[in-house]
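Analysis of the macromolecular model
Spelled out, the chains give:
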Amino acid sequence: MIAQASPMAEQATEKGLGGGLTPQQLVFYRENGFLSPIPAFTSQKARALRASVEALEREYRSAPGGRDLNQYFRVNGHVVLPLLAEMARTPAILDAVATILGDDLMVWSVELFIKEAGTAKIVSWHQDLTYWGMGETDEELTAWIALSDVSREAGCMRFIPGSYKNAIVAHQDTFDADNLLSRGQEIAGIDEGQAVFGALKPGEMSFHHGRTFHASGPNRSADRRIGVAIRYVTPHVKPVDGPADYAMLVRGQDHNSAWINIASPTRPFEPHSLKLYEEILAAQAAVLAGGAEGAVSLYETKTGEAGSRTTEGSI
Ligand SMILES: O=C(O)CCC(=O)C(=O)O
């Protein structure tokens, strides 16, 4: 068993951390649908968190629960890994999220986006809410936290200001092996000249709205690019396209929402967490892999209903 990151409560007392967004930051987010950079952790804490992620990579090479570690890193990691569930509860992050979404906060998913040094992996232009089955809600945002130097060279995210004011637009599934998205889904015809880069130092985060057009390029730097995406929702968000969905209450109260509440795991890959993981994946696969014409390997259930593992690198 590996050591997990130490408690995060101290973060809120660090200089510049905690206390929520300023009125100017809130205005910027409301105008543009993203905000960057925002302090989340000290650089020292970010280094410790990266070390914990990399310790998990060394410890769990051998497919816990019959799946590659990458599966848990890319989808719903908070269900089986205390490190990720605990990050999602960090007071300084919650203070900033609460400025936008209010004081009742739930976590729908925690995902790691890792691009190895000098690799071609990219993320195509997309809107997050396209396949999530939550409709076009405004009560969701992603906090994306850098655990390495996420420079332009390393393939930081870029955003189209104001694009969240669009409805969900057409996406084409490409299933491109170098695309980190589950279907390689892509919006055509983006004017790249309008894009704003969101470079981050370790411990900084950006926020983006679920309808914001965003993308990221390859990692041309000499270090890995490591980011943790935490998807926050409010109790008012409802699954509109499928069965009941699952979320973890992290602040305030869940006022009889439609979410099935889950608890944080206490140790990595406990049998009951692995069982819950499969239950959630099966429920979500019906929606997130629904209608795809190729394999959506990240949403393949143990019985194989959502697709096969034939698309190498479709992660
Ligand atoms: O890590 C990236 O480059 C993209 C992440 C992303 O698309 C997201 O968090 O919604």
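You'll find the structure just up there.
Computed from a prediction, not measured in an experiment: that's the story for all the values here.

Below, the discussion takes up the site of the ligand. Around the ligand, the surrounding shell consists of F113, V123, D128, T142, W144, M157, H214, S216, G227 and A229. The set of elements that each furnish at least two residues to the shell around the ligand consists of β4 (140–146), β10 (214–216) and β11 (225–233).

This paragraph deals with the sheet that holds strand β5 (residues 157–159). The four strands are arranged β3-β10-β5-β8 in an open sheet whose pairing can be described as antiparallel. Edge strands, defined here as strands with exactly one partner in the open sheet, are β3 (123–126) and β8 (196–198). Across this sheet, the average inter-strand angle for adjacent strands is 25°, counted without regard to direction. Note: β5 against β10, three bridges, orientation antiparallel. Note that in β10 the partner of R158 across the bridge is A215.

With respect to the helices, strands and loops of the structure, I226 is situated in strand β11. Exposure remark for I226: the 24 C-beta atoms within 10 Å place this residue in the buried category. When the C-alpha positions of I226 and V287 are compared, they lie 27 Å apart, and in sequence the two are 61 residues distant.

This brings us to the environment of H214. Among the structural elements, H214 can be located in strand β10. On a C-alpha basis, the gap between H214 and F159 in space is 4.5 Å, while along the polypeptide they are 55 residues apart. Leaving out residues up to four positions away in the same chain, H214 has contacts with M157, R158, F159 and H208.

With mixed pairing, the seven strands of this open sheet are ordered in space as β1-β9-β4-β11-β2-β12-β13. Across the chains shown, the open sheet's two edge strands, defined by having one partner strand only, are β1 (34–39) and β13 (260–261). Where β4 and strand β9 (residues 204–209) come together, five bridges link them in antiparallel fashion. Its bridge partner lying in β9, A143 is registered against F207. Across the face of the sheet, helix α5 (residues 91–101) comes into contact with β1, β2 (105–115), β4, β9, β11 and β12 (246–251) while running at roughly 150° to β4.

What counts and how
- Counting from 1, residues in each chain are numbered in the order their sequence is written.
- The predicted origin of the model limits local features to residues at a pLDDT of at least 70 and limits the giving and counting of side-chain atom pairs to 80 or more, whereas totals for whole chains, interfaces and linings rest on all residues.
- What makes a residue near a molecule or strand is its C-beta atom, placed from the backbone, lying within 6 Å of it.
- Going along the chain from the N terminus, every DSSP run of H or I of four or more residues is numbered as a helix, and every run of E of two or more is numbered as a strand.
- Strands qualify as paired when DSSP identifies two bridges or more between them.
- Axis definition: a line fit to C-alpha positions, over the contact stretch in the case of helices; interaxial angles, taken between N-to-C directions, run 0 to 180 degrees.
- The exposure scheme places C-beta atoms from the backbone and then counts, for each residue, the other C-beta atoms within 10 Å of its own, assigning buried at 20 or more, exposed at 12 or fewer, and partly exposed in between.
- Any residue pair is listed as a contact if its two C-beta atoms, each placed from the backbone, are within 7 Å.

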